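The lines below spell out each chain.
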Amino acid sequence: TASIPRIGIGSAAQLVTYGITMEKLGKAGIFLPGSWQNNILGALLSGFVVTVVINPFDVVSTRLYNQPRENRLYHGYFDCVGKILRSEGGLAFYKGVAAQYFRIGPHSFLSLVFWHHARTAFGLNSA
């Protein structure tokens, strides 16, 4: 379905961004490696990156799912992408990005903060 690319790429963006941010902040020495401050900054940045990365996939999915059954506007995923690019330009893939952030941002933030603290509680993190 049209949501499969979104799920894979969104999860990858979230975890890679979080991991790199935690690593870079730990090396920068502003806060202690693995600290709650680094955790919060990593989670906030990750939520933003996930929003930017998955919004184009959500725009395409929404267009595909909401088209009429008869006289379809799009004949598949790549047809939809091409028609959006030709008729509306690249910024059309970021329609609704603010609403997307208000939905994805808190989810990503809370998931990563709880994940970090659960790993720490079970002795799987260094801090």
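The structure we're discussing is the one just above.
Residues numbered from 1 in each chain as written. Predicted model: local features only at pLDDT ≥ 70, side-chain atom pairs only at ≥ 80, totals over all residues. Heavy atoms only, no water.

Student: It is not clear to me how the overall build of the chain should be interpreted in this structure. Could you clarify?
Tutor: Along the chain, the regular secondary structure elements total four helices and zero strands. Traced from its N-terminal end to its C-terminal end, the chain shows the element sequence α-α-α-α. Projected onto its principal axes, the C-alpha positions of the chain cover 60 × 25 × 20 Å. Side chains of the chain give 11 positive and 5 negative charges; the mean places of these two sets differ by 5 Å. (Helix = DSSP H or I, 4+ residues; strand = E, 2+ residues; numbered from the N terminus. Lys, Arg positive; Asp, Glu negative; His and termini not counted. Charge placed at Lys NZ, Arg CZ, Asp CG, Glu CD.)

Student: For this particular structure, what's the right way to read the nonpolar core?
Tutor: Nonpolar side chains in soluble globular proteins tend to end up buried together. Listed in full, the eight residues of the largest apolar core are V59, V60, L64, Y74, C80, I84, A92 and F93. Counting only elements with at least two residues in this core, the list comes to α2 (36-66) and α3 (77-88). Sort the elements by how many residues they give to this core and α2 lands first, with three residues. With near-sequence residues (within four places) excluded, Y74 lies in contact with R63, L64, Q67, D79, C80 and K83. In terms of nonpolar packing, the next biggest core, distinct from the first, is built from five residues, Y18, A43, L112 and V113 among them. (Core = buried A, V, L, I, M, F, W, Y, C linked by side-chain atoms within 4.5 Å. Buried < 20%, exposed > 50% of the residue type's maximum accessible area, 1.4 Å probe, protein only. Contact = heavy atoms within 4.5 Å.)

Student: Mind showing me how you'd approach α3 here?
Tutor: Quick reminder: α-helices carry 3.6 residues per turn. Residues three or four places apart thus point the same way. In this model, α3 (12 residues) spans 16 Å end to end at C-alpha, consistent with the 16 Å of a helix rising 1.5 Å per residue. Within α3 the residues assigned to the buried category are C80, G82 and I84. Its buried side turned inward, α3 meets α2. Just downstream of α3, G89 is the residue with a positive phi angle, here 90°. (Expected span 1.5 Å × (residues − 1).)

Student: What's the story with the side chain of N39 in this structure? I'm lost.
Tutor: Here N39 is to be found in helix α2. Under the relative-accessibility criterion, N39 is labelled buried at 0%. Separated by 2.5 Å, the side chains of N39 and Y18 make a polar contact. (Polar contact = N/O pair within 3.5 Å; in protein donor to acceptor, adjacent residues only side chain to side chain.)

Student: What am I meant to see in the packing of α2 against helix α4 (residues 97-121) here?
Tutor: Geometrically, a packed helix pair is captured by the angle between its two axes and the distance between the axes. The N-to-C vectors of α2 and α4 enclose an angle of 140°; their axes lie 7 Å apart at closest approach. Relative to α4, α2 is oriented oblique. Where α2 crosses over α4, the two elements pack in a sense that is right-handed. Here the contact of α2 with α4 is composed, by residue class, of 13 nonpolar, 10 polar and two charged. (Axes fitted to C-alpha atoms, helices over the stretch in contact; angles between N-to-C directions. Parallel < 35°, antiparallel > 145°, perpendicular 65-115°, else oblique. Left-handed = near helix turned anticlockwise from the far one by under 90°. Nonpolar A, V, L, I, M, F, W, Y, C, P; charged D, E, K, R; others polar.)

Student: Even after reading the chapter, I still don't get the pattern of salt bridges, so can you show me in this structure?
Tutor: Close approach of charged atoms allows side chains with opposite charge to pair. Applying the stated rule across the entire model yields five salt bridges. D58 is the salt-bridge partner of R6, the closest N and O atoms lying 2.4 Å from each other. Separated by 52 residues along the polypeptide, R6 in helix α1 (residues 4-28) and D58 in helix α2 bring together distant segments of the chain. Judged on exposure class, the residue R6 and its partner D58 are both buried. In this structure, E23 engages K27 in a salt bridge whose closest nitrogen and oxygen atoms are separated by 3.3 Å. Placement of both E23 and K27 in helix α1 is noted, with a separation of four residues, approximately one turn of the helix. Judged by relative accessible area, K27 falls into the exposed class, the value being 65%. Taken together, the salt bridges that share partners define one network made up of R63, E88 and K95. (Salt bridge = Lys/Arg side-chain N within 4 Å of Asp/Glu carboxyl O.)

Remember that the coordinates give geometry; whether it matters functionally is a separate question.
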